[in-house]
Amino acid sequence: MLAVTEAAAEAITALTAQGGIDEQGGLRFSMKNESDSQAALALTVSSAPVEGDQVVTADTGAHVFLEEQAADYLSDKVLDVQQDAEGQLNFAVLERAS
């Protein structure tokens, strides 16, 4: 199952609050097919999970909703937040340490 770092959970909470979404909302990962037939992760802020979504709840209460294919892909990953060269925070999907 996807692990969520404390920093990512705080960012999710801030994003949902900014979007006016209540505590039941969260980030939703789904898979989409790009024009070159490769699958890519899509990330949206959602007020609730879609039927069939796997729900991951961080210790802080932040929610991540995973569409079935995304849940399979992310099952051994960690969701974190990293700062880029301009100081912007971005979500990052990392390999889980063994």
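Residues numbered from 1 in each chain as written. Predicted model: local features only at pLDDT ≥ 70, side-chain atom pairs only at ≥ 80, totals over all residues. Heavy atoms only, no water.

The strands making up a sheet are joined through hydrogen bonds of the backbone, oriented either antiparallel or parallel. Strand order in the open sheet formed by four strands is β3-β2-β5-β4, with mixed pairing between adjacent strands. Of all the strands in the sheet, the pair left with one neighbour each is β3 (39–46) and β4 (54–57). Neighbour-to-neighbour, the strand axes of the sheet open up by a mean angle of 25 degrees, direction not taken into account. Lying over the sheet, helix α1 (residues 6–18) contacts β2 (26–33), β3 and β5 (63–66), oriented at roughly 95 degrees with respect to β2. (Pairing = 2+ DSSP bridges. Helix = DSSP H or I, 4+ residues; strand = E, 2+ residues; numbered from the N terminus. Axes fitted to C-alpha atoms, helices over the stretch in contact; angles between N-to-C directions. Contact = heavy atoms within 4.5 Å.)

A full pass over the atoms with the stated rule returns zero aromatic pairs. Its end group placed over the ring of Y73, K77 keeps NZ or CZ at 4.9 Å from the ring centre. (Phe/Tyr/Trp six-rings, centres within 6.5 Å; stacked < 30°, edge-to-face > 60°. Lys NZ or Arg CZ within 6 Å of the ring centre and 35° of its normal.)

Next up on the list: the confidence of the model for the protein. Across the protein, the average pLDDT comes to 90, with 95% of residues at or above 70. Mean pLDDT across the elements of the protein ranges from a minimum in β3, with 89, to a maximum in β5, with 97. (pLDDT = per-residue confidence, 0-100.)

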